[in-house]
Amino acid sequence: MPVRALVVDPSASAAVRLAEVPAPVPGPGQVLVDVSHASLNYGDLNDARSGRVPVGAVLGSDAAGVVVQAAADGTGPAVGTEVVALTSGAFAERVAIDVGALAEVPKGLDLAQAVALPVAGVAALRSLRAAGLGPDKRVLVTGASGGVGRFAVQLAARAGAQVIASVGSAARGEGLAEAGADEVLLGLEGLRRPVDVVIDSVGGPQLVAAWNLLAPGGSVQSVGWTSGEPAVFPPYATVGPAKSLTSFVIEGDVGADLAVLTELAAEGALTVEIGWQGSWERFDEAAKALRGRRISGKAILEVASGRLHAPAPTPQDQVRPGESDQPTR
């Protein structure tokens, strides 16, 4: 039977509406998950309006919930396991997910917190890794009050780097010093010493300014472009000692990185800040707040799934020996 989902609709106020879509049919290496929470990313809003996600297709990338059908090939978690995943079409009551795209949620970590980790947490972790993070590095994080930014600040500080957090207003800088930032700046005002790593999610003129602050051998990782403004480099800006500006996208299986992030969060070593949480029926409200930069941290959608019906058990759905068919907590 059909399930409800948030689908792309250019005629809707936020280019997204609730609709019924066909129930997903999992492939051999996929589990079926009843979704309880989803995380809204700035990129999702752009996907809905840019045409990258077709009209009528299910939006979203971050989902968390409970496995209701195990993978037919015997891989992945058992029925009843709570999981978090990075997968296309995440904003639905039920989703078929590749086993390599998910991680089991550790005991003690709430699903509303776990679901904040896939896109933002993996982007922060992988971009820092790609930039060559180390304890002797000076790391600049722009848009530091957002989802990627707050995770990047914490992960860089945890690695022993000196962290400079750039935000758009004093209010948006609250809590970043406690998260590990050595300096919290409005824009790039007052930053004079070169930096070794830039994790940039703003783009536009600030990306150009960050490039000018980059030390020889340094790396800018462009993980977002929330400003929506062009970046205009003056003549000869790219002539000089070697340094790099690298585009960024999350590719391949993310399960191992998600496992690292969820364990850190469960241990309290990585704090998840939720700036907005509510029913997915309030999507327009969440989208407006996110676009207006009124959210620090993550926006979490609660997925109403009361109309779901579990599929009839099949041999591959059966609980494996020694495992319970009850939720892990």
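Reference entry: report on the structure contained in this document. Since the structure is predicted, the reported quantities are computational estimates derived from the model, not experimental observations.

Points about the overall build of the chain
Line of reasoning, step 1. Counting its regular elements, the chain contains 8 helices and 15 strands.
Line of reasoning, step 2. For 329 residues, the compact-globule estimate of 2.2 N^0.38 gives 20 Å, and the chain sits close to it at 20 Å.
Line of reasoning, step 3. Seen along its three principal axes, the alpha-carbon backbone of the chain occupies a region of about 65 × 45 × 35 Å.
Line of reasoning, step 4. Sorting the 329 residues of the chain into buried and exposed places 52% on the buried side.
Line of reasoning, step 5. Restricting to contacts in the chain with at least 6 residues of sequence separation, those with at least 24 account for 68%.
Line of reasoning, step 6. Carbon and sulfur atoms provide 53% of the accessible area of the chain, an area that totals close to 14,100 Å².
Line of reasoning, step 7. Positive and negative side-chain charges in the chain, numbering 25 and 34 respectively, have mean positions lying 6 Å apart.

Quick word on the nonpolar core
Line of reasoning, step 1. Core analysis: the biggest nonpolar cluster contains 45 residues, and Leu117, Val153 and Leu155 have the highest contact counts within it.
Line of reasoning, step 2. Mapped onto this core, the elements with two or more residues apiece are strand S5 (82–86), helix H2 (111–114), helix H3 (118–131), strand S8 (138–141), helix H4 (147–158), strand S9 (162–167), strand S11 (195–200) and helix H7 (255–267).
Line of reasoning, step 3. The dominant element in this core, judged by the number of residues it contributes, is H3, at 8 residues.
Line of reasoning, step 4. For Val153, the contacting residues outside a window of four places in its chain are Val141, Ala144, Val163, Ala165, Leu176, Ala179, Gly180 and Ala181.

What to know about unusual backbone geometry
Line of reasoning, step 1. Although it is not a glycine, Ala15 adopts a positive phi angle of roughly 65°.
Line of reasoning, step 2. Looking at where Ala15 falls in the secondary structure, it is placed in the loop between strand S1 (3–8) and strand S2 (16–21).
Line of reasoning, step 3. Given the relative accessible area of 2%, Ala15 is considered buried.
Line of reasoning, step 4. Phi at Arg293 is positive, roughly 55°, even though this residue is not glycine.
Line of reasoning, step 5. Along the polypeptide, Arg293 turns up in the loop between helix H8 (283–291) and strand S15 (298–302).
Line of reasoning, step 6. The exposure class assigned to Arg293 is partly exposed, which follows from its relative accessible area of 41%.

Here we look at the sheet that holds strand S10 (residues 183–186)
Line of reasoning, step 1. The parallel open sheet is built from 6 strands, whose spatial order is S10-S9-S8-S11-S12-S13. This sheet does not close on itself; its edge strands, each paired only once, are S10 and strand S13 (244–247). Shown here is a sheet whose adjacent strand axes are inclined to one another by a mean of 20°, direction ignored.
Line of reasoning, step 2. Pairing geometry for S8 and S11, over 3 bridges, is parallel. Residue Val139 lies in a different strand from S11, and its bridge partner there is Val197.

Digging into the environment of Val163
Line of reasoning, step 1. Looking at the secondary structure, you find Val163 in strand S9.
Line of reasoning, step 2. A sequence separation of 18 residues divides Val163 from Ala181, and the C-alpha atoms of the two residues are 5.0 Å apart.

As for the pairing of S5
Line of reasoning, step 1. Within S5, 5 of the 5 residues are buried, which leaves the element mostly enclosed by the surrounding structure.
Line of reasoning, step 2. A two-sided burial pattern is seen for S5, the buried positions comprising Glu82, Val84 and Leu86 on one face and Val83 and Ala85 on the other.
Line of reasoning, step 3. Bridge count between strand S4 (residues 62–69) and S5: 5 bridges; the pairing is antiparallel. Its bridge partner being in S5, Gly65 is matched across the sheet by Val83.
Line of reasoning, step 4. Sheet topology note: the S5/strand S7 (residues 102–104) ladder contains 3 bridges and is antiparallel.

Cut-offs used in this document
Residues numbered from 1 in each chain as written. Predicted model: local features only at pLDDT ≥ 70, side-chain atom pairs only at ≥ 80, totals over all residues. Heavy atoms only, no water. Helix = DSSP H or I, 4+ residues; strand = E, 2+ residues; numbered from the N terminus. Rg over C-alpha atoms; globule rule 2.2 N^0.38 Å. Buried < 20%, exposed > 50% of the residue type's maximum accessible area, 1.4 Å probe, protein only. Contact = heavy atoms within 4.5 Å. Areas by Shrake-Rupley, 256 points an atom, 1.4 Å probe, with all protein chains shown as cover. Lys, Arg positive; Asp, Glu negative; His and termini not counted. Charge placed at Lys NZ, Arg CZ, Asp CG, Glu CD. Core = buried A, V, L, I, M, F, W, Y, C linked by side-chain atoms within 4.5 Å. Pairing = 2+ DSSP bridges. Axes fitted to C-alpha atoms, helices over the stretch in contact; angles between N-to-C directions.

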